[in-house]
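Here are the chains, one letter per residue:
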Amino acid sequence: MGSMALSSLFKRLRHGQGVGATFLRGAVGSFAGKSLGLGIGFILQVVLARILGAQQLGIYVYALAWVNVLLLLACLGFDTAFMRFVSIYVTQKDWGLLRGLLSRAGLMVLAASLAGTLLVLGVALHSGRTWPPEQQHTFFIAAILIPLFALSTLRQAALRGLKRVFLADLPDGVVRPILIILLLGAWWLYRPNTLTAGNAMLIQAIAAGVAFIWGGKLLFSSLPPAVRATPPIFEGAHWLHTAFPMFLISSMHVALKQTDLLMIGAMLPARETGIYSVAVRLSDLAVFGLSAANAICAPMISEYFHARKTDELQRVVRLAARISFGFTAFVTLVMLLFNHFILGIFGPEFQNARNALLILFAAQMVNALTGPVGYLMIMTGHQARAAYINATAVAANVILNLSLIPRYGIEGAAFSTAFSIVLWNVWMWLFVRRRLGIRSTI
């Protein structure tokens, strides 16, 4: 009887059309892709820390932090808007609009990302007299990554809108870090003790190029054949009107994530940036469950909200919250018990990240507890209010970092970021509860 019940459950999950079955199928794909990427990303961070050391890792991470800021700016908000529009167009079979969105947004993002590349190159040239040569060299190479990452981010969003969440994460979450690890290993074997931040960034660019080409092929093969056979229809004003608040939200979100690294990089030695980057990387493990659930949850929120299926919307949000919080609580417990051992994997000097790590984990518990509040606001048309909340949190983050980093170092940066994370999550949770009537927590 037990095996028959289990078989029946698997059959319902595989073929069922209900909210739970649809969500769990997508969540399994998302968890599989992100779990694989998470494990490989962790190995990559350890390899980089061990080979580069805290000083060179700090230069490498500081350059990547600037790339990530300009990347989100270059996406113009379309990375989030794609999940909303693609889901709606597929549901309504508006193939012309879908084709027009993919082509027009791609051109705009390419132009914006090339402007970002020129900006980084200009800053690196202008700072040549004050920066060490290795830092300038690293920034030159990092500039190449902006258009590659921006167009790859659009492709990821489009695949998530198509509910192909496993394929969305595969090129950049799995293939790219594997290539980086292999190339780092080959360099180490061929020229040991010569790997620098600039060399590591060059390897990153090569791997990103390979992942970009393969990811484009995955998107092309995943599109319904009718998309390629239908002339494009453009609604540029509507797309930009919707994407602009999402652009503001994305800008604020990436600023919230990167402000601490950028300000530490500007105010403290590169070694401190390298040490703090490990704490940030490990704290991302805490919200892995939330990001994996959001990957399938976001397009479903858009679909159910616009179809006025309130009960289904509440159910999928509750499922996402419970899965993400359970995972976060487990990872946090592991980190509390074994943080000394885990930090030791990166090297003895990274033990100094312990206090910052625990502060960031406390904030991520609140992040997971409040559920997918950001996507609930964005996918239901409240993106302007979400942008305001994020902007307030970023302003608080910058002010606190300016005050606390000089006195408390990386612990001050961690507290500033933790406070900002709690602020915007609780604020959005209150808004979602009162305005939408959705309970987003467990």
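Residues numbered from 1 in each chain as written. Predicted model: local features only at pLDDT ≥ 70, side-chain atom pairs only at ≥ 80, totals over all residues. Heavy atoms only, no water.

## A look at the pattern of salt bridges
Here is step 1 of the chain: Enumeration according to the criterion identifies 5 salt bridges in this entry.
Here is step 2 of the chain: For R155, the salt bridge identified is with D172, shortest N-O distance 2.6 Å. Residue R155 is located in helix α5 (residues 133–161), and its partner D172 is located in helix α6 (residues 165–190); the two are separated by 17 residues in the primary sequence. Of the two residues, R155 and D172, both sit in the buried class.
Here is step 3 of the chain: Here E349 and R271 are joined by a salt bridge, their closest N and O atoms 3.6 Å apart. Taken as a pair, E349 in the loop between α12 (310–346) and α13 (354–369) and R271 in helix α10 (residues 270–284) lie far apart in primary sequence, 78 residues in all.
Here is step 4 of the chain: When salt bridges that share partners are traced, they join R155, D172 and R176 into one network. (Salt bridge = Lys/Arg side-chain N within 4 Å of Asp/Glu carboxyl O. Helix = DSSP H or I, 4+ residues; strand = E, 2+ residues; numbered from the N terminus. Buried < 20%, exposed > 50% of the residue type's maximum accessible area, 1.4 Å probe, protein only.)

## Considering unusual backbone geometry
Trans peptide bonds make up the majority, and among non-glycine residues the majority have a negative phi.
Here is step 1 of the chain: Even without glycine at this site, L76 takes up a positive phi of about 60°.
Here is step 2 of the chain: The topology assignment puts L76 in the loop between α2 (19–74) and α3 (78–92).
Here is step 3 of the chain: Looking at L76, the relative accessible area reads 24%, which means it is partly exposed.
Here is step 4 of the chain: The phi torsion at K93 lies on the positive side, around 55°, for a residue other than glycine.
Here is step 5 of the chain: Relative to the assigned elements, K93 resides in the loop between α3 and α4 (95–126).
Here is step 6 of the chain: K93 gets classed as exposed once you look at its relative accessible area, which sits at 57%.

## Some details on the packing of helix α15 (residues 383–408) against helix α16 (residues 410–436)
Here is step 1 of the chain: Here α15 crosses α16 at 160°, and the two axes come no closer than 8 Å. The angle between α15 and α16 places the two elements in the roughly antiparallel class. Regarding α15 and α16, the two cross each other, and that crossing is right-handed.
Here is step 2 of the chain: Grouping the constituent residues of the contact of α15 with α16 by class yields 18 nonpolar, 8 polar and 2 charged. (Axes fitted to C-alpha atoms, helices over the stretch in contact; angles between N-to-C directions. Parallel < 35°, antiparallel > 145°, perpendicular 65-115°, else oblique. Left-handed = near helix turned anticlockwise from the far one by under 90°. Nonpolar A, V, L, I, M, F, W, Y, C, P; charged D, E, K, R; others polar.)

## Remarks on the nonpolar core
Here is step 1 of the chain: Formed by 132 residues in total, the largest nonpolar core has its most connected members in L57, Y60, F78, F82, L101, Y276 and L282.
Here is step 2 of the chain: Broken down by element, the residue count for this core peaks at 21 residues, all from α2.
Here is step 3 of the chain: Once you skip the residues sitting within four places of it in the chain, Y276 turns out to touch D260, L261, I264, A356, L360, I410, A413, A414 and T417. (Core = buried A, V, L, I, M, F, W, Y, C linked by side-chain atoms within 4.5 Å. Contact = heavy atoms within 4.5 Å.)

## Considerations on the confidence of the model for the chain
Here is step 1 of the chain: Confidence along the chain averages 84 in pLDDT terms, with 90% of residues attaining 70 or more.
Here is step 2 of the chain: Ranking the helices and strands of the chain by mean pLDDT puts helix α7 (residues 197–222) first, with 93, and helix α1 (residues 2–15) last, with 45.
Here is step 3 of the chain: Every residue in residues 1–10 is under pLDDT 50, and counting partners more than four places away or in other chains gives 0 contacts. (pLDDT = per-residue confidence, 0-100.)

## What to know about the side chain of N199
Here is step 1 of the chain: If you trace the backbone, N199 turns up in helix α7.
Here is step 2 of the chain: Look past the residues within four positions of N199 in its chain and what remains in contact with it is E134, W187 and T194.

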